[in-house]
Amino acid sequence: QGQLVESGGGLVQAGGSLRLSCAASGRTFSTYAMGWFRQAPGKARDFVARIILSVGTTRLADSVKGRFTISRDNAKNTVYLQMNSLKPEDTAVYYCAANPRLSGGTWLYDYWGQGTQVTVSS
């Protein structure tokens, strides 16, 4: 079994910063890549960022490029999402995900954390 536990969410003002952490355990971390997603109330789950663990290459959604950074610390079995210049539209529950696989032309993730709330006030 693998587990993902997110932390670091909270309430910040627009323009502020937060760093989310995703601690992986078990075989969850022994995955090719891990990603961050977010879901606002009444909205679909959106892709935010992905990192290939072995080499550290990253991909970010256009909406967060230049503001967010994804990174990983293998020694701590942890993936981070540094969020700067936060906007109210960034308000969502942020989920860490692991074990991506291509299905029907889209990338799906097999493991998910419980999420951490990020609220950005105006």
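As shown above, the structure is provided for reference.
Given the structure is predicted, the values throughout are model-derived calculations rather than measurements.

Visitor: Which residues make up the state of the cysteines, and what values do they have?
Guide: Counted by the stated rule, this structure contains one disulfide. Covalent S-S linkage joins Cys-22 and Cys-96, the inter-sulfur distance amounting to 2.1 Å. Disulfide Cys-22-Cys-96: torsion about the S-S bond near -80°, hence left-handed. Of this pair, Cys-22 sits in strand β3 (residues 18–26) while Cys-96 sits in strand β9 (residues 92–103), and the two are 74 residues apart along the sequence. Classification of Cys-96 as buried rests on a relative accessible area of 0%.

Visitor: Help me get a handle on unusual backbone geometry, residues and values and all.
Guide: Residue Ser-85 is not a glycine yet carries a positive backbone phi of 50°. With respect to the element layout, Ser-85 can be found in the loop between β8 (78–83) and β9.

Visitor: Quick rundown of the pattern of salt bridges? Include the residues and the values.
Guide: Applying the stated rule across the entire model yields four salt bridges. Between Lys-65 and Asp-62 there is a salt bridge, and its shortest N-O distance comes to 3.1 Å. A residue is classified by how much of its surface remains accessible, and Lys-65, at 49% relative accessible area, is partly exposed. Arg-67 is the partner of Asp-90 in a salt bridge, and the nearest nitrogen-oxygen pair spans 2.7 Å. Placement of Asp-90 in the loop between β8 and β9 and of Arg-67 in the loop between β6 (58–60) and β7 (68–73) is noted, with a sequence separation of 23 residues between them. An identical accessibility class is assigned to Asp-90 and Arg-67; each is buried. A single network of salt bridges, built from pairs that share partners, joins Arg-38, Arg-67 and Asp-90.

Conventions used here
- Residues numbered from 1 in each chain as written.
- Predicted model: local features only at pLDDT ≥ 70, side-chain atom pairs only at ≥ 80, totals over all residues.
- Heavy atoms only, no water.
- Disulfide = S-S within 2.5 Å.
- Helix = DSSP H or I, 4+ residues; strand = E, 2+ residues; numbered from the N terminus.
- Buried < 20%, exposed > 50% of the residue type's maximum accessible area, 1.4 Å probe, protein only.
- Salt bridge = Lys/Arg side-chain N within 4 Å of Asp/Glu carboxyl O.

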